[in-house]
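# Per-entry structural report
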Amino acid sequence: MAARKKEESTISMIDTFKEFKETKNIDRTTLVSVLEESFRNVIAKLFGSDENFDVIVNPDKGDFEIYRNRMVVPDGEVEDENKEISLSEAQKIAPDYEVGEEVSEEVNFSKFGRRAILNLRQTLASKILELEHDSLYNKYKDRVGQVVSGEVYQVWKREVLLVDDENNELILPKSEQIPADQYRKGETVRAVILRVDNENNNPKIILSRTSPMFLERLLEAEVPEIADGLITIRRVARMPGERAKIAVESYDERIDPVGACVGVKGSRVHGIVRELCNENIDVINYTSNIKLFIQRALSPARVSSINIDEENHKAEVFLKPEEVSLAIGRGGLNIKLASMLTEFTIDVFREVDDNEADEDIYLDEFSDEIDQWVIDAIKAIGLDTAKAVINAPREMLVEKADLEEETVDHLLEVLKAEFE
């Protein structure tokens with residue numbers, strides 16, 4: 001019966017070792033160390049100390065040996081049964097033992113009972129999990145900003161779970177997904193490592209497809225001149241899945257940084273555009289001249305003049321009436337990206353000639369037709385006259401003055417009627 005228990009115990013341990021070795025990819029030294037420590041933890045709980053035990057682990061064969069070392073003392077003088085053995089008991093093991101000698105006796109682990117075996121497996125499982133977490137954290141902690149590929153394992157409402165080639169879990173939150181992205185189990189997805197959290201030694205690898213870093217890394221992979229250090233990406237602004245603006249600079253006068261990034265007939269950005277769900281990419285030349293940089297950022301609109309407030313990072317841009325809609329873009333997209341790229345708040349105005357300015361009328365004179373609170377809201381954003389309001393983009397009036405579209409339309413109708 002005892003032999004059968006030992007056999008069952010050994011088989012159980014062999015399975016544990018095999019599972020540990022094959023699935024966790026742990027090196028041999030760490031494997032032996034963790035297994036020995038797990039045995040010692042159980043022994044310490046059973047006997048109060050593991051100091052006088054030798055634990056020999058052979059992970060290749062999946063077996064182990066445990067020896068307890070006790071000092072031989074005269075009969076009746078045993079004070080610590082774990083560390084001492086009486087002379088008569090020692091001589092049952094070998095008749096030639098004498099007082100003062102050390103007895104090394106193999107311990108049958110199965111005699112410790114099922115609870116001890118269960119305790120060992122739980123301790124081992126805990127150590128395995130801890131090592132697995134450490135391994136995952138160490139693998140990814142220095143890779144923030146790198147692009148990785150993962151296979152879609154599970155799709156949830158708030159996030160997508162991916163697994164890498166070693167079956168480690170990677171998380172792509174909803175907020176970091178391109179709106180048009182669709183994920184199917186088993187397909188491969190590329191993303192940039194946004195951050196690595198490690199709260200309570202439970203690492204979480206957070207990915208992103210919306211971060212400007214992702215676009216930057218994709219462009220670096222497509223343009224050899226960037227990898228060679230001949231071109232630098234200075235700024236990136238994105239509205240994921242819709243449009244992006246990139247400012248690049250060349251350290252070699254012979255290289256056109258915009259042309260190099262775009263490629264012949266857009267060949268170098270075609271793959272990136274497809275990867276980003278047809279996100280349109282504008283590449284412009286970077287310059288430290290703020291006025292010129294803002295002018296380039298607002299392309300394809302052609303700017304007539306710019307007033308800069310560097311202290312408050314604000315810019316007033318004046319354009320011909322036909323250029324205003326280009327500067328703002330569909331849904332205000334172009335001006336938003338230009339502001340993100342230049343890090344300046346950009347206000348767009350239509351140009352008016354001096355004759356028109358002379359005929360201007362202050363807003364307060366329209367108080368009989370327009371509610372005073374509406375006039376005050378418009379004046380609060382720096383527009384005091386009728387022409388200034390008429391020449392300002394409608395979208396800006398709605399957004400900056402925080403007015404309803406119907407209110408702005410009524411305001412413009414009243415003001416325009418005055419000059420017809």
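None of these values were measured; they are calculated from a predicted model. (Residues numbered from 1 in each chain as written. Predicted model: local features only at pLDDT ≥ 70, side-chain atom pairs only at ≥ 80, totals over all residues. Heavy atoms only, no water.)

We now examine the side chain of Thr210. Assignment of secondary structure puts Thr210 in the loop between β9 (204-208) and α5 (212-222). The class of Thr210 is buried, set by a relative accessible area of 13%. There is a polar contact of 3.1 Å between the side chain of Thr210 and the side chain of Glu176. In contact with Thr210, other than residues within four places in its own chain, are Ser175, Glu176, Gln177, Ile178, Arg238 and Pro240. (Helix = DSSP H or I, 4+ residues; strand = E, 2+ residues; numbered from the N terminus. Buried < 20%, exposed > 50% of the residue type's maximum accessible area, 1.4 Å probe, protein only. Polar contact = N/O pair within 3.5 Å; in protein donor to acceptor, adjacent residues only side chain to side chain. Contact = heavy atoms within 4.5 Å.)

Among all positions of helix α13 (residues 372-379), only Val374, Ile375, Ala377 and Ile378 are buried. For α13, the arc enclosing every buried residue in end-on projection is 160 degrees, short of the 170-degree limit, so these residues lie on one face. Buried residues along α13 sit against α14 (386-391), α15 (394-400) and α16 (405-419). (Arc of directions from axis to C-beta.)

With that out of the way, let us pick up unusual backbone geometry. Residue Pro300 is reached from Ser299 by a cis peptide bond, and omega for that bond is 15 degrees. Within the fold, Pro300 resides in the loop between α9 (290-297) and β13 (305-309). Positive phi is not limited to glycine here, since Asn167 has a value of about 70 degrees. Positionally, Asn167 belongs in the loop between β6 (159-163) and β7 (169-173). Take Asn167: its relative accessible area is 61%, and that puts it in the exposed class. Not every positive phi belongs to a glycine, and His313 is a case in point at roughly 55 degrees. Note that His313 resides in the loop between β13 and β14 (314-319).

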